Amino acid sequence: MRRASDFRSFPAAARGFTLVEMIIAIVITGILVSIVGMFGRRQIDSYIDVSNRADLADAADTALRRIARDLQAALPNSVRQDATGNFLEFVPIRDAGRYRAELGGGASDDPLDFTSGSDNSFDVFGPPVTISAGDQLVIFNLGQTGSDVHAGTSRRAATAGSNLSKVTFAPAGTQFPLASPQNRFQIVGGPVTYECAGDKVIRHWCYDFAATQPVAFGALPRHAACTAEQSATLVADVSSCNFSYTPAILQRNGLVVLRLTLTRNGESVNLLHQVDILNTP
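Residues numbered from 1 in each chain as written. Predicted model: local features only at pLDDT ≥ 70, side-chain atom pairs only at ≥ 80, totals over all residues. Heavy atoms only, no water.

Draft legend 1. Focus on the overall build of the chain. Across its full length, the chain carries one helix and 16 strands. Looking at the chain as a whole, 36% of its 281 residues are labelled buried. For the chain, contacts bridging at least 24 residues in sequence account for 62% of all contacts bridging at least 6. (Helix = DSSP H or I, 4+ residues; strand = E, 2+ residues; numbered from the N terminus. Buried < 20%, exposed > 50% of the residue type's maximum accessible area, 1.4 Å probe, protein only. Contact = heavy atoms within 4.5 Å.)

Draft legend 2. Expanded view of the state of the cysteines. Under the counting rule described, the total for this entry stands at two disulfides. Each sulfur of the disulfide joining Cys206 and Cys226 lies 2.0 Å from the other. Where Cys206 bonds to Cys226 through sulfur, the torsion about that S-S bond is close to -70°, and the disulfide is left-handed. A residue pair is termed long-range when its members are at least 10 positions apart, and Cys206 in the loop between β12 (200-205) and β13 (230-235) and Cys226 in the loop between β12 and β13 qualify at 20 residues. With respect to class, Cys206 is no different from Cys226; both count as buried. (Disulfide = S-S within 2.5 Å.)

Draft legend 3. Highlighting the sheet that holds β12. Taken in spatial order, the five strands line up as β1-β2-β11-β12-β13 in an open sheet, and their pairing is antiparallel. Of all strands in the sheet, those bounded by a partner on one side alone are β1 (80-81) and β13. Note that strand β2 (residues 87-90) and strand β11 (residues 192-197) share four bridges and pair antiparallel. Bridging across to β11, Leu88 finds its partner in Tyr194. (Pairing = 2+ DSSP bridges.)

Draft legend 4. Main features of the sheet that holds strand β10 (residues 184-188). Spatially, β7-β6-β10-β3-β4-β9 is the arrangement adopted by the six strands of the open sheet, whose pairing is antiparallel. Every interior strand has two partners, whereas the edge strands, β7 (155-157) and β9 (166-168), have only one. Across the sheet, the axes of successive neighbouring strands diverge by a mean angle of 40°, strand direction being ignored. In this sheet, β10 lies alongside strand β6 (residues 136-138) in antiparallel orientation, the contact comprising three bridges. Within the sheet, the bridge partner assigned to Leu137 lies in β10 and is Ile187. (Axes fitted to C-alpha atoms, helices over the stretch in contact; angles between N-to-C directions.)

Draft legend 5. Spotlight on the pairing of β11. The element β11 is extensively covered by neighbouring structure, given that five of its six residues are classed as buried. In textbook terms, the turn of a hairpin is the stretch between consecutive antiparallel strands, and for β11 and β12 this stretch comprises two residues, one of which, Gly198, has a positive phi near 65°.

Draft legend 6. The arrangement of the packing of aromatic side chains in detail. Going through the model one piece at a time under the given rule, you end up with eight aromatic pairs. Between Phe169 and Phe176, the aromatic rings sit 5.5 Å apart at their centres with planes inclined by 55°, giving tilted as the arrangement. The pair formed by Phe169 and Phe176 is uniform in burial state, with each residue classed as buried. Joined through ring pairs, the aromatic side chains of Tyr99, Phe114, Phe122, Phe169, Phe176 and Phe185 make up one cluster. Here the basic side chain of Arg155 rests over the ring of Phe209, its NZ or CZ set 4.0 Å away from the ring centre. Positioned over the ring face of Phe176 is Arg156, at 4.8 Å from the centre of the ring. (Phe/Tyr/Trp six-rings, centres within 6.5 Å; stacked < 30°, edge-to-face > 60°. Lys NZ or Arg CZ within 6 Å of the ring centre and 35° of its normal.)

Draft legend 7. Structural context of the pattern of salt bridges. Under the definition given, this model contains eleven salt bridges. For Arg66, the salt bridge is made with Asp70, and the minimal N-O distance between the two is 3.6 Å. Of this pair, Arg66 and Asp70 are both found in helix α1 (residues 19-72), four residues apart, which corresponds to roughly one turn of the helix. A relative accessible area of 13% places Asp70 in the buried class. Connected through salt bridges with shared partners, the residues Arg100, Asp109, Asp110, Asp123 and Lys166 form a single ionic network. (Salt bridge = Lys/Arg side-chain N within 4 Å of Asp/Glu carboxyl O.)

Draft legend 8. Structural context of the nonpolar core. Counting residues in hydrophobic clusters, the biggest one holds 27 residues, and the most contacted among them are Leu71, Val79, Val256 and Leu260. Contributing elements (two or more residues each) for this core: α1, β2, β11, β14 (238-250), β15 (253-264) and β16 (267-277). The element best represented in this core is α1, accounting for seven residues. Those residues in contact with Val256 that sit more than four places away from it in its chain are Leu71, Val79, Leu88, Ser244, Tyr245, His273, Gln274, Val275 and Ile277. Counting residues in hydrophobic clusters, the runner-up holds 16 residues, among them Tyr99, Ile139, Ala158 and Val167. (Core = buried A, V, L, I, M, F, W, Y, C linked by side-chain atoms within 4.5 Å.)

Set out below in structure tokens:
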């Protein structure tokens, strides 16, 4: 008869791990993993740091290039800043051309007469221009008393239209104070301001012209082409920001110096960008 229980020893190959052997294996594995981690941690940290710096450098460079692109399309002598260097304002050009200054051989020639306060139109030389609702006509803006786009002395409200070979405008009872030596004119929209605001750089637009640089936004009079004042964050993670504008560096040209520092996760990048401003009206 067969026994109910057989206590014969199992072969050595068929036996499993004891609890002590399992604990020893876990401890040894943990030690090996810790050693590997000690050697690999620096590489992982270095990769994260490099990635953070690359992201910050790309964000800062993109922001500065956007500001530079806007400034290079600014109306001559329209760039200005506040005393703190936190605000930089300019007036973007939408279109431009040359006006007829003298009568030609045609009976329908329409030159711009600077001696008459009632003359409100002129022929466009060159490609036709497009004027949107709310745009302004500017001639020979010097950014000085008597010829300042912000104060309104060098600009007039222009009549909207597309592919225009003749420009009409509101004479406002007085003609433009100064004629352009090259017979140039510009069509502009409303002003734009870049602000260093704490940990971000903000772009403001769709507000109306003001004699002095605005330093508070959100409740300004809106520009005629917009339904409301607009603001948008250009870049975040800003730890330092400054604008510096010198009106005359090389004869009629100005120079804007942009300084921007971004910081994230203990990593910082500091970029400086210089923009040449063409101030020949």
